[in-house]
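Examining the three-dimensional arrangement
So you can see what is in the structure, the chains are spelled out below.
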Amino acid sequence: MKAYRSSILYFSPAAAPQASAVLEDDGLLVVGPNAQGRQVVLAVGPYRELQPRFADLAVTHWPGRIIAPGFVDLHSHYPQTNVIGSPAEGLLPWLENYTFPEEKRFSSPEYSAQEATFFIAELLRHGVTTALTFATSHSSSVNALFQEAQQQQMRLITGLCLMDRHAPVDLLNQRPAAGLADATEQSLIDSENLLQRWHGVDRLGYAITPRFAPTSTDAQLRGAGELAARYPEVWIQSHVAENKAEIAWARELFPASRSYLATYADFGLMRQRAVYAHCIHFDDEDRALMRSTGAAAAISPTSNLFLGTRFTRCWRRITWGGKGRAKPVCHSRRNSSGGSTRQVPPKRSGWRGWWATCCRAAKPILSCSTPKPRRCWPARRRWPITWTSCCFR
Ligand SMILES: [Zn+2]
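Since the structure is predicted, the reported quantities are computational estimates derived from the model, not experimental observations. (Residues numbered from 1 in each chain as written. Predicted model: local features only at pLDDT ≥ 70, side-chain atom pairs only at ≥ 80, totals over all residues. Heavy atoms only, no water.)

**Concerning the pairing of strand β7 (residues 155-158)**
Every second residue of β7 is oriented toward a common face, with Arg155 and Ile157 on one face and Leu156 and Thr158 on the other, all of them buried. Where strand β6 (residues 128-134) lies against β7, 3 bridges are found, and the strand directions are parallel. Each bridged residue has a counterpart across the sheet, and for Leu132 the counterpart in β7 is Ile157. Assessed by its sense of winding, the connection that carries the chain from β6 through helix α4 (residues 139-151) to β7 is right-handed. Alignment of β7 against strand β9 (residues 204-210), held across 3 bridges, turns out to be parallel. (Buried < 20%, exposed > 50% of the residue type's maximum accessible area, 1.4 Å probe, protein only. Helix = DSSP H or I, 4+ residues; strand = E, 2+ residues; numbered from the N terminus. Pairing = 2+ DSSP bridges. Right-handed = clockwise from strand over helix to strand, strands pointing away.)

Rendered as structure tokens:
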């Protein structure tokens, strides 16, 4: 066992997430192995109360510092680490000029391993200890990320990117060198093989990962939904309703669905453990669909700001609302140029709300260690939401 004396931030499971952060000015944290040999928190609280229980334990004293739980990142793209911040005029030019060329490099297991090592190191350096992230359409990228996360004992969830149309040919899911399966069938076979290899191993989890509806055929989305039904314990991740051009495209491709979001529901891809990035342009029926299915939203303010996408309505309507009263933890508005957004600090929730949204609020979505997670949510919560470090598709 080890003991640390310092200021300590932790979360009270009895309180609503945005009010549950507790800052103990003079606290004691005791960690040690559990029955499986994994390091866990054995005790945390005021130093004066806990110290007598651990009087024989040497204490490392860190005055002037704060010990806090690791951040939980609900949406990122590890293959895009090298192109973060590159200039772009919007989502589609970004994809064509930067994202797709970079993602092609992940067909190489060696390059995938190199980037996975850097990505995981960067997450940990920034305090992120749990992440749900995209890989590419190459199995090598998924294997490399899982291997590195396992090595670093991270809680990490990822999956093969499903993409069988509307992208460069060499980035689409590929048909096998031998055999009768086409590329779509093979992508689903590969997903299931990766799922069976990695899901539940140590702290790793698998996510069925259609990139976004327009880059998958009906057959691929249907197969992904069938996979999700066979494996209810795994996650689903994708993107939805980031900008209006994308929405119009999705509506053209899936005219039978009521909305872009409803397309995912129609293919069996909305349920508990489904996490959708962006969720900006929703109507009331979309919001009702999120509530009824138990899907979660991952808001990406960094990419929304970078690409000039608005997210005001989303923030106003889906955060921790009381009955008939939205209480935004954050909102944005267009600047004078009208082309981008700027973020306004929360007025009501303060640092507790920010920290809870970045950390504790995401844990039930990824089934982390928060005890009895359903009791952690306000009784009138709408649907789970948190925000993420980066997403540029
Ligand atoms: Zn994304």
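**A look at the side chain of His239**
Inspection of the secondary structure assignment puts His239 in strand β10 (residues 235-240). Only 3.1 Å separates the side chain of His239 from the side chain of His75, close enough to count as a polar contact. (Polar contact = N/O pair within 3.5 Å; in protein donor to acceptor, adjacent residues only side chain to side chain.)

**Considering the pattern of salt bridges**
Scanning all chains against the criterion turns up 10 salt bridges. A salt bridge links Glu122 to Arg125; its shortest N-O distance comes to 3.0 Å. You can see Glu122 and its partner Arg125 sitting in helix α3 (residues 109-125), 3 residues apart, about one turn around the helix. One salt bridge connects Asp284 with Arg287, and the closest N-O pair in it is separated by 3.0 Å. A residue pair is termed a helical-turn pair when its members lie 3 or 4 positions apart in one helix, as Asp284 and Arg287 do in helix α9 (residues 284-293) at 3 residues. The structure contains a network of salt bridges with shared partners spanning Arg258, Asp283, Glu285 and Asp286. (Salt bridge = Lys/Arg side-chain N within 4 Å of Asp/Glu carboxyl O.)

**Digging into helix α7 (residues 244-253)**
Among all positions in α7, only Glu246, Ile247 and Ala250 are buried. Across the axial projection of α7, the buried residues extend over an arc of 100°, all falling on one side. Away from its buried face, by an angle of more than 90 degrees, α7 presents the exposed residues Lys244, Ala245 and Glu252. Measuring from the backbone nitrogen of Ala245 back to the side-chain oxygen at the start of α7 gives 3.1 Å, which picks out Asn243 as the cap. (Arc of directions from axis to C-beta.)

**A look at unusual backbone geometry**
At Arg273, a residue that is not glycine, the phi angle is positive and equals roughly 75°. Its place among the elements puts Arg273 in the loop between α8 (260-266) and β11 (274-278). On the basis of relative accessible area, Arg273 is assigned to the partly exposed category, the value being 24%. A positive phi is found at Cys279, a non-glycine position, where the angle reads about 55°. For Cys279, the location among the structural elements is in the loop between β11 and α9.

**Notes on the packing of α4 against helix α5 (residues 183-198)**
In the contact formed by α4 and α5, the axes pass within 11 Å of each other and the chain directions differ by 10°. By the angle class used here, α4 and α5 are roughly parallel. Residues Ser139, Val142, Asn143, Phe146, Gln147 and Gln150 of α4 touch α5, and the partners they reach there are Asp190, Leu194, Arg197 and Trp198. Of the residues assigned to the contact of α4 with α5, the class counts are 4 nonpolar, 4 polar and 2 charged. (Axes fitted to C-alpha atoms, helices over the stretch in contact; angles between N-to-C directions. Parallel < 35°, antiparallel > 145°, perpendicular 65-115°, else oblique. Contact = heavy atoms within 4.5 Å. Nonpolar A, V, L, I, M, F, W, Y, C, P; charged D, E, K, R; others polar.)

**Considering the environment of Pro69**
Within the secondary structure, Pro69 sits in the loop between β4 (59-67) and β5 (71-77). In the structure, Pro69 is positioned 58 residues away from Phe11 in sequence and 8.7 Å away in space, judged by C-alpha atoms.

**Overview of the pairing of strand β1 (residues 2-11)**
Most of β1 is tucked away, with 7 of its 10 residues classed as buried. As defined by bridge partners, β1 adjoins strand β2 (residues 21-33) across 9 bridges and the pair is classed as antiparallel. Across the sheet, residue Ser6 finds its bridge partner in β2, namely Gly27. With 5 bridges connecting them, β1 and β4 associate as parallel partners. Each residue of the ladder has a partner; that of Ile8, found in β4, is Ile67.

**Observations regarding the packing of aromatic side chains**
Inspection of every chain in the model, using the stated rule, returns 10 aromatic pairs. Plain terms: the ring middles of Phe146 and Trp198 are 5.1 Å apart, the flat faces sit at 25° to each other, and that makes the pair stacked. Within this pair, whereas Phe146 is found in helix α4, its partner Trp198 is found in helix α5, the two being separated by 52 residues in sequence. Like Phe146, the residue Trp198 is buried in the burial classification. A ring pair is formed by Phe212 and Trp249, whose centres lie 6.2 Å apart and whose planes are at 70°; its orientation type is edge-to-face. (Phe/Tyr/Trp six-rings, centres within 6.5 Å; stacked < 30°, edge-to-face > 60°.)

**Considerations on the packing of α5 against helix α6 (residues 218-230)**
Interaxial distance between α5 and α6 falls to 9 Å at its minimum, and their mutual angle equals 25°. Judged on the interaxial angle alone, α6 and α5 are roughly parallel. In this structure, the crossing between α5 and α6 has a hand that is right-handed. Contact with α5, carried on its side by Thr184, Ser187, Leu188, Ser191 and Glu192, involves Ala219, Gln220, Gly223, Ala224, Leu227 and Arg230 of α6 and no other residues of that element. Its residues assigned to classes, the contact of α5 with α6 shows 4 nonpolar, 5 polar and 2 charged. (Left-handed = near helix turned anticlockwise from the far one by under 90°.)

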